[in-house]
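Fold and geometry: a report
Here are the chains, one letter per residue:
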Amino acid sequence: MVAAASVTGLVTWARSLVRSRCLGRRLSLSGPRPEEATIPVNRSLNDHGNGLRRGARGGGGDGGSLVAGRGSGAAAAAVAVAPAPALSAMQRGSPERELEVAAEEAEEAEEEQLSVDAGAAGEPESPAREEQPKAVLPVPARPRAAEEGDVHVARRLPPALPQAPPRPAARALCQLAKGRSRSRGRGRYRRGSGSSRPVTVDSSKARTSLDALKISLRQLRWKEFPFGRRLPCDIYWHGVSFRDSDILSGQVNKFPGMTEMVRKITLSRALRIMQNLFPDEYNFYPRSWILPEEFQLFVTEVRMVKDGDPTWKPTFIVKPDSGCQGDGIYLIKDPNDIRMTGTLQNRPAVVQEYICKPLLIDKLKFDIRLYVLLKSLEPLEIYIAKDGLSRFCTEPYHEPSPQNLHHVFMHLTNYSLNIHSSKFVHSDSASTGSKRTFSSILCRLSSKGIDIKKVWSDIISLVIKTVIALTPELKVFYQSDIPTGRPGPTCFQILGFDILLMKNLKPMLLEVNANPSMRIEHEYELSPGVFENIPSLVDEEVKVAVIRDTLRLMNPLKKKEMQSQHPGKPFAGKEDPDCDVTGDPDSNPEAHLPSICLKQVFPKYAKQFNYLRLVDRMANLFIRFLGIKGTMKLGPTGFRTFIRNCKLSSSSLSMAAVDILYIDITRRWNSMALDQRDSGMCLQAFVEAFFFLAQRKFKLLPLHEQVASLIDLCEYHLSLLDEKRLVCGRGRRPPSSPQETNPTTQSAAGSPAPRIIGANKLSHSRHALS
Ligand code: ADP
């Protein structure tokens with residue numbers, strides 16, 4: 001199998017990853033899931049107004065017809081899934097639930113006594129769930145994506161379908177898993193040998209990541225609560241968003257605001273701010289315009305470039321803001337081909353330069369799905385999974401031409417689309433088929449003499465820079481949802497980065513997914529409209545490792561243990577060289593697990609990237625002046641106070657001018673906002689105002705230096721103010737010069753003495769964000 005070296009030592013195909021159970025073939029998901037409520041889905045191929053139809057799966061649709069809609073042949077009919085019959089049994093307060101709670105409590109009391117059979121924690125936790133009748137509906141279903149945006153559709157298959165003989169991959173996996181499950185040890189948790197109790201995980205809202213989560217928990221020998229728990233759990237695993245429920249403690253695998261932040265428009269805006277500040281560093285995101293508001297700008301800019309270079313024959317890709325899985329996407333050659341009528345006015349979109357020269361393998365375009373763990377916002381901690389997935393087109397690639405613009409199987413790499421091509425090949429191994437591991441691609445590139453270390457380090461850099469662009473607004477969301485002093489969970493999140501390698505091997509960011517699909521099975525169409533779930537070896541290999549190792553890194557008990565053994569030392573999981581990863585399972589409960597597949601990249605490479613965190617420091621200023629807990633917008637008084645406290649008004653900038661600046665910018669941003677409930681200045685409007693002030697004050701410098709200088713100045717004045725307040729409280733003399741300001745007693749925004757150039761320091765927020 002693959003064993004590719006890499007710059008950072010990231011690339012190893014861990015064949016030995018443990019899959020602990022056989023998913024087996026099944027005709028419907030085992031047992032009802034609360035989230036799989038009825039969702040009617042319009043499967044019309046034309047429902048995006050793009051006029052591009054997609055061929056039905058197996059219907060000779062190659063090269064066919066395109067654009068992204070959903071559905072296939074008979075399966076393209078509307079899918080409606082009935083709520084699970086036994087749903088009520090899952091609801092708190094039902095007799096079954098009461099029984100379960102009582103059983104849990106008894107079990108917990110037992111756990112407290114001394115030791116718990118760790119193996120038992122891995123057995124089916126809830127007999128009630130296993131016994132629930134399988135929910136089956138005689139409705140046609142459609143294949144679903146295994147790693148695109150979170151799946152909105154649940155489906156059930158007709159009862160009593162004839163069992164087809166297992167396909168070789170499924171059979172092999174079953175045998176593998178059977179062997180593994182027989183040899184799986186049933187370790188015990190003992191006092192004094194690591195944890196005295198297993199970590200508890202609420203998986204009741206795991207949705208489509210449930211299967212992978214269950215396997216991970218079994219491997220970890222942690223305790224799953226599939227229907228939730230009356231007592232608090234250590235970790236809550238949510239399938240969709242932070243707002244899924246009110247959690248007051250523990251850790252949850254979603255950040256507030258992440259879904260909003262990675263929508264195509266918001267992401268494009270956040271990256272554009274960074275492109276304005278650091279054009280060379282942020283050239284990994286295609287030039288993008290937001291529709292409909294920037295349509296004229298788009299037309300004008302394209303015309304200007306064309307006038308300057310008549311040989312330039314660009315292609316653009318139009319993507320609806322809220323779309324996923326290739327939905328509603330189409331390619332155009334001319335700005336006037338954008339469909340302004342109908343859907344676009346009501347459905348904002350991003351139009352982007354199309355990358356015409358992607359790297360091809362076997363003449364096919366492919367993209368990369370990489371998993372990134374945002375472990376904490378403050379301090380910023382980022383991990384990247386050592387392996388990801390590569391999703392292939394199913395029709396040989398040719399550069400866009402008017403004749404092939406609508407060939408979806410040639411231009412769009414979405415699994416959910418290409419699975420409908422008759423040329424789609426289900427992967428039986430990591431390095432073949434239409435979905436492969438990324439490490440297998442790197443191995444292949446390496447064998448051709450390509451410097452894959454450089455590819456990896458470029459990807460790492462892209463990921464860190466993208467997260468740096470997202471964090472400022474995430475902090476604003478965070479302080480709004482979990483204000484300081486109020487109870488709330490700490491957060492972490494797995495993100496799915498979609499990356500395209502260009503022919504020259506430069507990685508380009510396509511999008512970030514807040515809810516990357518963690519499905520480990522794919523559907524196999526037995527006959528039109530009739531599907532069965534079969535395990536997907538490649539998905540399981542990659543995704544179970546990502547979930548399991550995320551949990552290991554977040555392990556609250558280990559963190560506590562490490563902290564008590566080595567106070568002041570950060571917990572780094574198995575990546576910590578001092579962490580005992582081998583030997584006696586009693587002293588190391590993770591001894592049976594493979595090494596961690598997530599590699600820390602930040603703060604590891606902080607020194608190289610901290611200078612980019614200017615907007616982050618602006619966000620700290622913004623948050624400081626927000627005032628009311630829970631708000632995300634700055635009122636006029638807050639803005640005035642900011643100007644006054646930072647001493648930014650002068651004879652050339654009166655407070656009246658400040659008010660006009662506030663009103664002008666705020667009004668414009670609010671007219672563009674999708675959510676117009678809150679009035680006031682949003683962070684992005686504040687950033688624009690800040691740029692304006694910086695340009696006025698520090699003329700002639702490049703923009704990032706103007707901005708850095710103004711931030712320094714603001715932070716300096718605020719630190720003086722804080723010192724003064726401190727001194728008034730303690731009766732001490734305030735520092736008389738900037739040099740006397742002690743950087744270790746920095747204020748909210750962190751504020752060393754002002755300097756004119758450079759900004760390579762971390763800001764310190766008032767409170768830890770996670
Ligand atoms: P969605 O969320 O609907 O999947 P994406 O932004 O991921 O939207 O785009 C879908 C597919 O379109 C990508 O997987 C990729 O194959 C292709 N694509 C997207 N943007 C570009 C681009 N700028 N250049 C070339 N191909 C692109």
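Residues numbered from 1 in each chain as written. Predicted model: local features only at pLDDT ≥ 70, side-chain atom pairs only at ≥ 80, totals over all residues. Heavy atoms only, no water.

A tally of helices and strands in the protein chain yields 21 helices and 21 strands. Within the protein chain, the proportion of its 770 residues that are buried is 59%. Within the protein chain, residue pairs in contact and separated by at least 24 positions form 72% of the contacts whose partners lie at least 6 positions apart. Carbon and sulfur atoms make up 55% of the accessible area of the protein chain, which amounts to about 30,400 Å² in all. (Helix = DSSP H or I, 4+ residues; strand = E, 2+ residues; numbered from the N terminus. Buried < 20%, exposed > 50% of the residue type's maximum accessible area, 1.4 Å probe, protein only. Contact = heavy atoms within 4.5 Å. Areas by Shrake-Rupley, 256 points an atom, 1.4 Å probe, with all protein chains shown as cover.)

Attention now moves to the sheet that holds strand β8 (residues 316-320). A sheet is described by the order of its strands in space; here four strands give the open sequence β7-β10-β8-β9, paired in antiparallel fashion. Looking at the sheet topology across the chains shown, the edges are occupied by β7 (288-291) and β9 (330-332). Between one strand axis and the next, the sheet turns through 25 degrees on average, direction left out of account. The sheet contact formed by β7 and strand β10 (residues 349-353) spans four bridges and is antiparallel. Bridge pairing in β10 links Ser 288 to Gln 352. Contacting β7, β8 and β10, helix α7 (residues 264-277) crosses the sheet at an angle of about 135 degrees to β7. Running over the sheet, helix α8 (residues 295-308) touches β7, β8 and β10 and is turned about 145 degrees from β7. (Pairing = 2+ DSSP bridges. Axes fitted to C-alpha atoms, helices over the stretch in contact; angles between N-to-C directions.)

The next subject is the packing of aromatic side chains. This model, assessed by the stated rule, comprises 19 aromatic pairs. Between Trp 289 and Phe 316 the ring centres are 6.1 Å apart and the planes differ by 75 degrees, which places this aromatic pair in the edge-to-face class. Of the two residues, Trp 289 is situated in strand β7 and Phe 316 in strand β8; the sequence distance between them amounts to 27 residues. With a relative accessible area of 3%, Trp 289 lands in the buried category. Members of the aromatic cluster, connected to one another through ring pairs, are Phe 622, Phe 625, Phe 639, Phe 642, Tyr 662, Phe 686 and Phe 690. Here the guanidinium or amino end of Lys 223 rests over the ring plane of Phe 225, the centre of that ring lying 5.6 Å away. Looking at Arg 436, its charged tip hangs above the ring of Phe 392, at a distance of 4.1 Å from the centre. (Phe/Tyr/Trp six-rings, centres within 6.5 Å; stacked < 30°, edge-to-face > 60°. Lys NZ or Arg CZ within 6 Å of the ring centre and 35° of its normal.)

We now examine the site of the ligand. By nearness alone, 23 residues border the ligand, and Lys 319, Gly 326, Thr 413, Asn 414 and Glu 511 come closest of all. Lys 264 places a polar side-chain atom, nitrogen or oxygen, 2.9 Å from an oxygen atom of the ligand. Taking Glu 511, its side chain carries an N or O atom lying 2.7 Å from an oxygen atom of the ligand. For the ligand, the protein covers 99% of the area, taking 540 Å² as the surface of the free molecule. For the shell around the ligand, the class distribution of residues is nine nonpolar, seven polar and seven charged. (Near = heavy atom within 4 Å. Polar contact = N/O pair within 3.5 Å; in protein donor to acceptor, adjacent residues only side chain to side chain. Nonpolar A, V, L, I, M, F, W, Y, C, P; charged D, E, K, R; others polar.)

In this section: the sheet that holds strand β4 (residues 223-225). If you trace the five strands from one edge of the open sheet to the other, you get β4-β3-β5-β6-β16, paired in parallel fashion. Edge positions in the sheet fall to β4 and β16 (490-491), since each has one partner strand and no second. The pairing of strand β6 (residues 251-252) with β16 spans two bridges and is parallel. Pairing of Gln 251 across the sheet is with Thr 490, part of β16.

Excluding glycine, most residues fall at negative phi; most peptide bonds, likewise, are trans. For the peptide bond that leads from Leu 291 to Pro 292, omega is 5 degrees, which places it in the cis range. For the peptide bond that leads from Phe 602 to Pro 603, omega is 15 degrees, which places it in the cis range. In this model, Gln 325 sits at a positive phi of 55 degrees, which is unusual for a non-glycine residue. Considering the arrangement of structural elements, one finds Gln 325 in the loop between β8 and β9. One non-glycine residue with positive phi stands out, namely Asp 362, at about 55 degrees. Positionally, Asp 362 belongs in the loop between β11 (360-361) and β12 (364-376).

Next up on the list: the confidence of the model for the protein chain. Mean pLDDT for the protein chain: 73, with 64% of residues reaching 70 or above. With pLDDT under 50 throughout, residues 1-103 is counted as low confidence; its partners more than four residues away or in other chains account for 306 contacts. Every residue in residues 105-194 scores below 50 in pLDDT, and together they form 231 contacts with partners more than four places removed in sequence or on other chains. (pLDDT = per-residue confidence, 0-100.)

We now examine the pairing of strand β5 (residues 235-238). Judged by which residues are buried, β5 turns out to be covered on both faces: Ile 235 and Trp 237 on one side and Tyr 236 and His 238 on the other are all buried. Looking at chain direction, β5 and β6 are connected through two bridges and run parallel. By the bridge assignment for β6, Ile 235 is matched with Gln 251.

Before going further, it helps to spend a moment on the pairing of strand β19 (residues 521-527). A regular strand places its side chains so that they alternate between the two faces of the sheet. Across six bridges, β19 lies against strand β20 (residues 530-535) in antiparallel orientation. Each bridged residue has a counterpart across the sheet, and for Tyr 524 the counterpart in β20 is Glu 532. Where β19 folds back on β20, the antiparallel hairpin that results is connected by two residues, among which Gly 529 adopts a positive phi of roughly 85 degrees.

If you look at the biggest cluster of nonpolar residues, it comprises 111 residues, and the most contacted ones within it are Phe 497, Phe 639, Phe 642, Phe 686, Phe 690 and Val 707. Here Phe 642 is in contact with Leu 621, Phe 625, Leu 648, Phe 686, Phe 690, Leu 693 and Cys 714, once residues within four sequence places are set aside. Counting 35 residues, the second largest nonpolar core, distinct from the first, contains Ile 215, Leu 220, Trp 237 and Met 554. (Core = buried A, V, L, I, M, F, W, Y, C linked by side-chain atoms within 4.5 Å.)

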